[in-house]
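Commentary on secondary and tertiary structure
Below, each chain spelled out in residue letters.
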Amino acid sequence: MSYQVIIPAAGSGKRMGAGFNKLRLELAGSPIILHTLHVFISDPECSKIILVIDSRDQQFFEELLTRNLTKVELVYGGSERQYSVYNGLQVADQNGIILVHDGARPFITHATIKTLVETASMSGAAIAAVPVKDTIKRVEGLEVVETLERSSLWQVQTPQAFRFSVLHEAHKKARDENFLGTDEASLVERIGYPVKIVESDYDNIKLTTPEDLFFANAILEKRQR
Ligand code: C5P
């Protein structure tokens, strides 16, 4: 089943501490963003890739596109991830299934994407997630307020998949009401729409801080074995 994807890649990557967009850092000789893009370029069901970038990285991305990267369209992002995705939505085809996937998650698999697309096409909204392994506590001022019931907690990732109309309505309401969420599903929940979970892999990490590069190299090595 065909789908389009928005890939926000316009962050500054402050927590990585590289001094430039972390998606330009290399893993096995290629920029992180190229690993992520290749997953979608090599998927025949993906009809369009909307890559959201910061103008500071324009030259880097334009050079990247000269490497015959099919289906990729560049759009400029905003000051927050949510605004970057909103800008991507403006150039999307206004029907069918749309995915949002962080440029910083290069290890997403075709199998998870396929299940997400199928689930979103049946129910409107589906997100990749894994069960939480650790005990999670709510804390205020370094003092525990509450221990959350682990069996009902899931760690949410991307891709997050939606019927275009659902994601569009959710983003419009968030924008009208100045609500800023940390993922698309939180905006969709606000319009009262049910969001389904698709169990993903623990490998689908977001490269955020320097030690994540160590884990990323280990995952690559494991996959090449
Ligand atoms: O900072 P973090 O890793 O949580 O960002 C998730 C994704 O959102 C990254 O791929 C980053 O490039 C992107 N992003 C964006 N626009 C922003 C902030 C983040 O496209 N203003």
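Residue numbers run consecutively from 1 along every chain, following the written order of its sequence. Only residues with pLDDT of 70 or above have their local features reported here, since the model is predicted, and side-chain atom pairs are shown and tallied only from 80 upward, although totals for entire chains, interfaces and linings are computed over all residues. Excluding hydrogens and water, the side-chain values take into account all heavy atoms of the structure.

As recorded by an unreviewed UniProt entry, the chain carries the name 2-C-methyl-D-erythritol 4-phosphate cytidylyltransferase and is attributed to Lederbergia graminis. Per UniProt, the comment on the chain under Catalytic activity (unreviewed entry) is "2-C-methyl-D-erythritol 4-phosphate + CTP + H(+) = 4-CDP-2-C-methyl-D-erythritol + diphosphate". UniProt positions are given in the numbering used here, feature names are shortened, and annotations may be inferred rather than shown by experiment. Listed under Pathway (unreviewed entry) in UniProt, the entry text for the chain is "Isoprenoid biosynthesis; isopentenyl diphosphate biosynthesis via DXP pathway; isopentenyl diphosphate from 1-deoxy-D-xylulose 5-phosphate: step 2/6."

The next thing to look at is helix 7 (residues 211-224). The end-to-end C-alpha separation of helix 7 is 21 Å, in line with the 20 Å expected for 14 residues at 1.5 Å each. The classification of residues rests on relative accessible area computed with a 1.4 Å probe and restricted to protein chains. Under 20% of the type maximum is buried, over 50% is exposed, and intermediate values are partly exposed. Starting at the N terminus, helices and strands are each numbered in turn, a helix being any DSSP run of H or I of at least four residues and a strand any DSSP run of E of at least two. Of the positions making up helix 7, those classed as buried are Asp-212, Ala-216, Ile-219 and Leu-220. Buried residues along helix 7 cover an arc of 100° about the axis, so they all sit on one side. Along helix 7, the residues that are exposed and aim more than 90 degrees away from the buried face are Phe-214 and Glu-221. What a helix is expected to span follows from its residue count: subtract one and scale by 1.5 Å. Summarising the geometry, the arc corresponds to the directions from the helix axis toward the C-beta atoms.

Attention shifts here to the pattern of salt bridges. When the charged atoms of two side chains with opposite charge come close together, those side chains can pair. Definition used for salt bridges: Asp or Glu carboxyl oxygen within 4 Å of a side-chain nitrogen of Lys or Arg. Here the structure, examined in full by the defined rule, presents 14 salt bridges. Asp-54 is the salt-bridge partner of Arg-56, the closest N and O atoms lying 3.1 Å from each other. Classification of Asp-54 as buried rests on a relative accessible area of 18%. Each member of the salt-bridge network shares a partner with another, and the members are Lys-48, Glu-73 and Asp-93.

This next bit is on the site of the ligand. Any residue with a heavy atom lying within 4 Å of a molecule or strand is counted as near it. Contacts to the ligand come from 16 residues, most closely from Pro-8, Ala-10, Lys-22, Ser-84 and Lys-206. Each polar contact in these results corresponds to two N or O atoms within 3.5 Å; when the atoms are within protein, one needs to be able to donate a hydrogen and the other to accept it, and residues that are neighboring in sequence are counted only if both atoms are side-chain atoms. In this structure, an oxygen atom belonging to the ligand sits 3.0 Å away from a main-chain N or O atom of Gly-11. Within the backbone of Gly-78, a nitrogen or oxygen atom sits 2.9 Å from a nitrogen atom of the ligand. Here the open area of atoms and residues is found with the Shrake-Rupley method and a 1.4 Å probe, where only the protein chains shown may cover a residue. Here the ligand loses 85% of its free accessible area of 460 Å² to cover by the protein chains. Under this grouping Gly is polar, as are all residues other than the nonpolar Ala, Val, Leu, Ile, Met, Phe, Trp, Tyr, Cys and Pro and the charged Asp, Glu, Lys and Arg. Residues belonging to the shell around the ligand are distributed by class as follows: five nonpolar, five polar and six charged.

A few words now on the environment of Val-72. Here Val-72 lies in strand 5 (residues 72-76). When sequence neighbours within four positions are dropped, the list of residues in contact with Val-72 reads Leu-37, Ile-41, Ile-49, Leu-51 and Leu-65. When checking whether two residues touch, look at their non-hydrogen atoms; a contact exists if any pair is within 4.5 Å.

So, about the pairing of strand 4 (residues 46-53). In terms of burial, strand 4 is largely enclosed, as seven of its eight residues are buried. A pair of strands counts as paired when DSSP detects no fewer than two bridges linking them. The sheet contact formed by strand 1 (residues 3-8) and strand 4 spans six bridges and is parallel. Residue pairing for strand 4: Ile-6 is matched across the bridge by Ile-50. For strand 4 and strand 5, the ladder comprises five bridges, and the chain directions are parallel. By the bridge assignment, Ile-53 is partnered in strand 5 with Tyr-76. With respect to chirality, the unit in which strand 4 leads through helix 2 (residues 58-65) into the neighbouring parallel strand 5 is right-handed. Classification remark: right-handed applies to a crossover when, strands pointing away from the viewer, the course from the first strand over the helix to the second runs clockwise.

Moving on, we get to helix 5 (residues 164-176). Its 13 residues place the ends of helix 5 18 Å apart at the C-alpha level, agreeing with the 18 Å of an ideal helix rising 1.5 Å per residue. Within the span of helix 5, buried status applies to Phe-164, Val-166, Leu-167, Ala-170, His-171 and Ala-174. Seen from one end, helix 5 has its buried residues packed into an arc of 165°, which puts them on one side. Contacts from the buried residues of helix 5 go to helix 3 (81-89), strand 6 (97-100), strand 10 (154-163) and helix 6 (184-190). Phi turns positive, to about 55°, at Asn-178, one or two residues after helix 5.

Before going further, it helps to spend a moment on the UniProt feature "site: Transition state stabilizer" (unreviewed entry) in the chain. In this structure's numbering, the residues bearing the UniProt feature "site: Transition state stabilizer" (unreviewed entry) are Arg-15 and Lys-22. As for its placement among the helices and strands, Arg-15 is situated in the loop between strand 1 and strand 2 (26-27). Every residue in contact with Arg-15, bar those within four places of it in the chain, is listed here: Lys-206, Thr-208, Thr-209 and Pro-210. Mapping Lys-22 onto the fold places it in the loop between strand 1 and strand 2. In contact with Lys-22, not counting residues within four places along its chain, are Ser-12, Gly-13, Met-16, Ile-32, Ala-104, Leu-207 and Thr-208.

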